[in-house]
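# Fold and contact review
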Amino acid sequence: MKSIEHSNTDLKIETIVVDNNSTDGSLEYLKEKFSEVKFIKNEANLGFSKANNIGFENANGKYWLILNPDTILSDNTLEMMFNFMEQNSKTGIAGCKVLNPDGSFQMQCRRGFPTPWASFCKLFGLQSLFPKSKIFAQYNQTYLSTEETYNIDAVIGAFMFARADLIKQLGGFDEDYFMYGEDLDLCYRAKLAGYDVTYFHQTTIIHFKGESTKRSNINDVKHFYSAMQIYARKHYKQSILFLSFIKIGIFLREIIAYLMKAGKETLVIALDLIFLNVSLLIATKIRFGDFFGFPDYAYPDVFIWVSSIVFVSLVSVGEYFETRNTIRRYVFGLLISFFVISVLMYFFQNYAFSRGLLVLMIALSISFSAIIRIVIYLSDKLFGKNRDKRVVFIGDNETTADIIDNLSLEQSVKFIFLGLVKTEFDSSRNLIDLPVIGHINKLNQIIQENDIDEVIITEPNIGNSDLINIIQNNTENQARFHLVNHFEELLTSRILNDISGEISLFPKYNINILRYRILKRMFDLGLSIFLLTIGLPYVLLNKSNKNFFKSIVEIFLGKKSFIGIYPNNRDIELFKEGITG
């Protein structure tokens, strides 16, 4: 909103903010800062499409700009987009050049429709292999220049400059889409109505992609691929073969996306299980003189059961899916596994081959796991998100001091504050006890020579266009830029989370942790079974809650929980609705 407020324009601007039931106090905070803005608060998270349609119902004007809150406009963006639309009557929807926070071009800001062939190339990586090919790169259209203006199929929903009459004619966004896909769908219907969709390159914005969902618990992977399926069903339902193909492709890509999101965790689990079974083979060779020294009936059962027991034990102690993998928790998990396997060997005498072999297997596994974790720790420290972060600041003020104090408390990452980059706005006094390492005109050289990871801009007098130019002129570097024009607690906390890479909704008691979710589900299942059997008379005679029996059945089926959130907060997707709050 600040970038809208600071736009160099004589246009009459009406700003409407639709709040999807935020719980971080941002709405109240913004109301105090922007009294001229119209705020609409929804009682639940209705999704992107419904929220924007509510905004449309309250909007006036000849043109409507659909704009994400995680964007920064150039000072001239609104004026230039208005003039472009005035001069191009066939264009119904237009987008501009969109950059990532590191200055790179955001490919989603100009796209082709996901036709059968374009979808195939996108889903199976042909577009990535041949980005300059018109045949294979139809979806993100990476074969086109970013420095020209031309008609395309679709623009990104984060910035859509559209004719109000067209949006009204189309009935706004299709509300079947919760998030993702609605922009493609709207552009598709605009073109069917005879309008052009245009990429306009002469003005630029910054889009902090993902910030709109980062502060919520929205499952972005789920909604992205769900949106693709809705789009395919809606616009390609006449092609049963394509629809079947796209469903298979989306299913496979969704699995890959979840694995990629898990990233290092998936790799650690895979390596642990591989070396666990290698340890079992080596221990068998040492004990019996043969890698497969057990009786034939023991295979492959012995590998399956040992792997399963160890995996469950490690999950139960929090070694997977939680924080950083440690040797201590791995050893603790294997001790639990040793106890469980020993007990099972007592009951299943046909598999009681040797407890000495079991001890040897665990010792070898610990050795292998220690090597794995040391290598991953060192690689993270040197190359990954846990490496020491080298930081410079543009802005000699209290905001910089506040960020330095907070980052200094971070445990997971060490920050090296290299110094200040001076601007013409800086006074001669230094509020911050950091050396001046150069002027902003030499920022590119400063980043390269000092191997900078993070550039934090706190100087309030730098204009939005200047900020965007600074970022755009440093695209060849890997540094990430963070913009804090004025001290704002909410924005600063986001930056602290973003730089440290640690975002936790409940730092101490995170109910979303897998082992807690399993325990909670076991509690729900056990109590619901009891109430539907022995306790059934109590359930049926409970007159204080007429829907008590139905609720218990829903808990048994996994649709509700005994302890969960209230129905009016159902948009928090991590948690089930509870019969108690």
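Please refer to the structure higher up on the page.
My aim in this report is to walk through the structure given alongside it, one point at a time.

Criteria and thresholds
Residues numbered from 1 in each chain as written. Predicted model: local features only at pLDDT ≥ 70, side-chain atom pairs only at ≥ 80, totals over all residues. Heavy atoms only, no water. Helix = DSSP H or I, 4+ residues; strand = E, 2+ residues; numbered from the N terminus. Contact = heavy atoms within 4.5 Å. Pairing = 2+ DSSP bridges. Axes fitted to C-alpha atoms, helices over the stretch in contact; angles between N-to-C directions. Buried < 20%, exposed > 50% of the residue type's maximum accessible area, 1.4 Å probe, protein only. Expected span 1.5 Å × (residues − 1). Salt bridge = Lys/Arg side-chain N within 4 Å of Asp/Glu carboxyl O. Core = buried A, V, L, I, M, F, W, Y, C linked by side-chain atoms within 4.5 Å.

Tracing the chain through its elements places Ser337 in helix α14 (residues 327-347). Residues contacting Ser337, with those up to four places away along its chain left out, are Ile309, Val310 and Ser313.

Across the sheet, which stays open at both edges, the five strands sit in the order β11-β10-β9-β12-β13 with parallel pairing between neighbours. Edge positions in the sheet fall to β11 (436-439) and β13 (480-483), since each of these pairs with one other strand and no more. On average, adjacent strands in this sheet sit at an angle of 30° to one another, irrespective of strand direction. Two elements, strand β10 (residues 415-422) and β11, share three bridges in a ladder whose sense is parallel. Along β11, the bridge assignment pairs Val421 with Gly438. Against the sheet, helix α17 (residues 443-450) engages β9 (389-394), β10, β11, β12 (454-457) and β13, with an angle of about 140° to β11.

Of all the eleven residues making up helix α3 (residues 47-57), nine are buried; the element is thus mostly covered by neighbouring parts of the structure. Looking at α3, one finds that the buried residues are Gly47, Phe48, Ser49, Ala51, Asn52, Asn53, Ile54, Gly55 and Phe56. The secondary structure elements touched by the buried residues of α3 are β1 (16-19), β2 (38-41), β3 (63-67), α7 (164-170) and α8 (182-192).

Across its 16 residues, helix α13 (residues 301-316) extends 22 Å between first and last C-alpha, which sits within 8% of the 22 Å expected from 1.5 Å per residue. Residues of α13 that are buried: Val302, Phe303, Val306, Ser307, Ile309, Val310, Ser313, Leu314 and Val315.

We now examine the pattern of salt bridges. Opposite charge on two side chains allows them to pair when their charged atoms are near. Summed over all chains, the structure comprises ten salt bridges. Arg373 is paired through a salt bridge with Asp272; the nearest N and O atoms lie 2.7 Å apart. With Arg373 in helix α15 (residues 355-382) and Asp272 in helix α12 (residues 264-288), this pair connects stretches of sequence that are 101 residues apart. The residues Arg373 and Asp272 share a single accessibility class, namely buried. Here Glu554 ties to Lys560 by a salt bridge, and the two come within 3.1 Å at their closest N and O atoms. According to the relative accessible area criterion, Lys560 is buried, its value standing at 17%. Through salt bridges that share partners, Asp272, Glu319, Arg329 and Arg373 make up one connected network.

Of all hydrophobic cores here, the largest spans 47 residues; its most connected members are Ile93, Met160 and Cys187. If you tally residues by element for this core, the top one is α8, at five residues. Once you skip the residues sitting within four places of it in the chain, Met160 turns out to touch Trp64, Leu65, Ile66, Ile93, Ala94, Val155, Phe173, Asp183, Leu186 and Cys187.

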